[in-house]
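This is what each chain is made of:
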Amino acid sequence: MSTTTSVISFDQLHEACSPGGASVLTSVTPLEPAAGPHASVAPAKFSHKDEKDKKGKPVFAYERRFHEGLPVKVVLIDSKQSQNNRCEAALSAAIAAGDPLLARIPRIRLEYENGPTLTDLDLPHRAFDGQIRAGAIDGQSATKDSRYRALRDATVGDARALIETSPVTLIFGGWDALRKSHQGRYRSILVGEIIGILADQEGSAIENQSMRGGARIDPLGAQIDLSHKDLTAIADQQKEELSEKTYKTITGSRGKSAHLGLGGLPPTLGQLGGVTCRSIIRSHVLSFAALRNLRFGSATPEGDVACRMVLAALALDALARSDAELLLRANCDLVEAGPSVVTLDQRYGNKLELAPMTIAQADELFAKTLAYAEEHAGLQWQGVTLVVEGNRAVLAAAGDTDGEEDV
């Protein structure tokens, strides 16, 4: 076990955010199945389309990687996008719980009448999300509002508008791809993933995956044969809560009680199950090189350094909070197999090992950098900065994909 006890300091962060500083900070954590090495874990599923299957079928993502001196077959257990979303969700949960420090993070709030309230921490494309662009600010289209236009007109050479309104866009990335010109393009400065090295390196990767059995027991009876009239009547009772596709299926000529969740289903092996791994690795990279590419229209170079520091500290805070909860998905319960190894690049091949940050330590660093940015960059973070009225047509058209849920 590592004996390093020092986390990254304010001074080390300042040096890393200054020209010529560290390229990256990395955090690598060995994980293992909670039930033991014999247990399989459920990786993330992706939809794959080919010429034979136009609809797309669920698949696991297998890759070739390099580990302990050898090329190995791995499976992607959690993607970069998913890991970033978990960091954002951790920040959002802390704000919802009333954390006074994180509540100061500037954010865009999207409010749907008789619907949910979301922020750029919840939306996949952050400040440039389609739901924000479809909304309205003070009665006019969001895209015509001068405050929102300032976000879209920001650049890596002057990202002041973004850091003051939606800093998570700079940390986790944003791509204003649908704009005709002057598209905002911000790579994420924090990236991460979880991979599993397949236990069996022989044969194809697909041969390592299992199929999961599905079944349903209905205590009333294995079969509940409703007439078409009764099926339609029950479907009509629930019509407001059913998707259009599900309602048509139930009331169609081939509608069955099973489509209403009634009756039993025999056990079948029809779904992707899991994989067995010899080792599982979670890794994150915080790129100071990418941070130093950002400037903020500060009066002095030190102001830009201060802005980068507060972004880096917020990213580390999000990472500490995300790493504190090993919650992935059903059938994928993991635990740490050892401590996280945190390494700060010192350039030219030199590395400095640091201790992983606790939430309290990350909060302390974030608070200190925020105060520093207030003094040296005039940054004022006081929470929600822009309220957008959600488009009712978007809300009315929203629906979930039909299908069985992993529970």
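This is a predicted model, so every value here is computed, not measured.

Attention now goes to the pairing of strand 5 (residues 70–78). Looking along a regular strand, one sees side chains alternate from face to face of the sheet. Of all nine residues in strand 5, seven are buried; the element is thus mostly enclosed. Relative to strand 5, strand 4 (residues 62–67) runs antiparallel, the two being bridged by six bridges. From the neighbouring strand, Phe66 faces strand 5, where its bridge partner is Pro71. Connecting strand 4 to the antiparallel partner strand 5 that follows it, the hairpin turn spans two residues, and Glu68 within it adopts a positive phi of roughly 50°.

Its location among the elements puts Arg107 in strand 6 (residues 107–111). Salt bridges are absent for the buried Arg107, whose nearest opposite-charge side chain, Asp120, sits at 6.3 Å. Those residues in contact with Arg107 that sit more than four places away from it in its chain are Ile95, Leu102, Thr119, Asp120, Thr165, Gly383, Val384, Thr385 and Leu386.

The biggest cluster of nonpolar side chains holds 74 residues, and the ones touching the most others in it are Ile8, Leu13, Phe288 and Phe366. Of all the elements, helix 10 (residues 301–323) adds the most residues to this core, at 14 residues. Among all residues touching Leu13, those that are not within four sequence positions of it are Ile8, Phe288, Met309, Ala312, Ala313, Leu316, Leu365 and Thr369. Grouped together as the second largest cluster of nonpolar side chains are 16 residues, Leu31, Phe60, Ile194 and Leu198 included.

With respect to the helices and strands, the residue Val191 is situated in strand 12 (residues 190–198). Considered as a pair, Val191 and Gly173 are 18 residues apart in the sequence and their alpha carbons are 9.7 Å apart. Sequence-distant contacts of Val191, defined by excluding residues within four places in its chain, comprise Lys80, Asn84, Ser283, His284 and Val285.

According to the stated counting rule, one finds three aromatic pairs in the structure shown. Each ring, one from Phe128 and one from Tyr186, has its centre 6.3 Å from the other, and the planes form 20°; the classification is stacked. Here Phe128 is found in the loop between strand 7 (117–119) and helix 3 (130–133), whereas its partner Tyr186 is found in strand 11 (residues 185–186), with 58 residues between them in sequence. Note on accessibility: Phe128 and Tyr186 belong to one class, buried. Ring centres of Phe366 and Trp381 lie 6.2 Å apart, and the angle between their planes is 50°; on these two criteria the pair is classed as tilted. Placement of Phe366 in helix 11 (residues 359–377) and of Trp381 in the loop between helix 11 and strand 19 (384–389) is noted, with a sequence separation of 15 residues between them.

What follows concerns the pattern of salt bridges. Across all of its chains, the model carries 19 salt bridges by this definition. The residue Asp78 makes a salt bridge to Arg329 at a minimum N-O spacing of 2.8 Å. Here Asp78, found in strand 5, pairs with Arg329, found in the loop between helix 10 and strand 16 (334–336); they are 251 residues apart in sequence, far enough to count as distant. The closest approach of N and O atoms between Arg392 and Glu113, which form a salt bridge, is 3.8 Å. Of this pair, Arg392 sits in helix 12 (residues 392–397) while Glu113 sits in the loop between strand 6 and strand 7; the two residues are 279 residues apart in sequence, bridging distant segments of the chain. Overall, the relative accessible area of 58% leaves Arg392 in the exposed class. Overlapping salt bridges bring together Asp99, Asp317, Arg321 and Asp363 as one network.

Viewed as axis vectors pointing N to C, helix 7 (residues 228–237) and helix 8 (residues 244–251) meet at an angle of 160°, and their least axial separation amounts to 9 Å. By the angle between their axes, helix 7 is roughly antiparallel relative to helix 8. When you trace helix 7 past helix 8, the crossing you get is left-handed. Here His228, Leu231, Thr232, Ala235 and Asp236 of helix 7 come into contact with helix 8, specifically with Tyr247, Ile250 and Thr251. For the contact of helix 7 with helix 8, the class distribution of residues is four nonpolar, three polar and one charged.

This paragraph deals with the packing of helix 2 (residues 80–96) against helix 10. As a packed pair, helix 2 and helix 10 sit with axes 8 Å apart at the nearest point and diverge in direction by 90°. With respect to each other, helix 2 and helix 10 are oriented roughly perpendicular. Of the residues in helix 10, those touching helix 2 at Arg86, Cys87, Ala90, Leu91 and Ala94 are Leu314, Asp317, Ala318, Leu319, Arg321 and Ser322. Taken together, the residues that form the contact of helix 2 with helix 10 break down as seven nonpolar, one polar and three charged.

Rules used throughout
- Residues numbered from 1 in each chain as written.
- Predicted model: local features only at pLDDT ≥ 70, side-chain atom pairs only at ≥ 80, totals over all residues.
- Heavy atoms only, no water.
- Buried < 20%, exposed > 50% of the residue type's maximum accessible area, 1.4 Å probe, protein only.
- Helix = DSSP H or I, 4+ residues; strand = E, 2+ residues; numbered from the N terminus.
- Pairing = 2+ DSSP bridges.
- Lys, Arg positive; Asp, Glu negative; His and termini not counted.
- Salt bridge = Lys/Arg side-chain N within 4 Å of Asp/Glu carboxyl O.
- Contact = heavy atoms within 4.5 Å.
- Core = buried A, V, L, I, M, F, W, Y, C linked by side-chain atoms within 4.5 Å.
- Phe/Tyr/Trp six-rings, centres within 6.5 Å; stacked < 30°, edge-to-face > 60°.
- Axes fitted to C-alpha atoms, helices over the stretch in contact; angles between N-to-C directions.
- Parallel < 35°, antiparallel > 145°, perpendicular 65-115°, else oblique.
- Left-handed = near helix turned anticlockwise from the far one by under 90°.
- Nonpolar A, V, L, I, M, F, W, Y, C, P; charged D, E, K, R; others polar.

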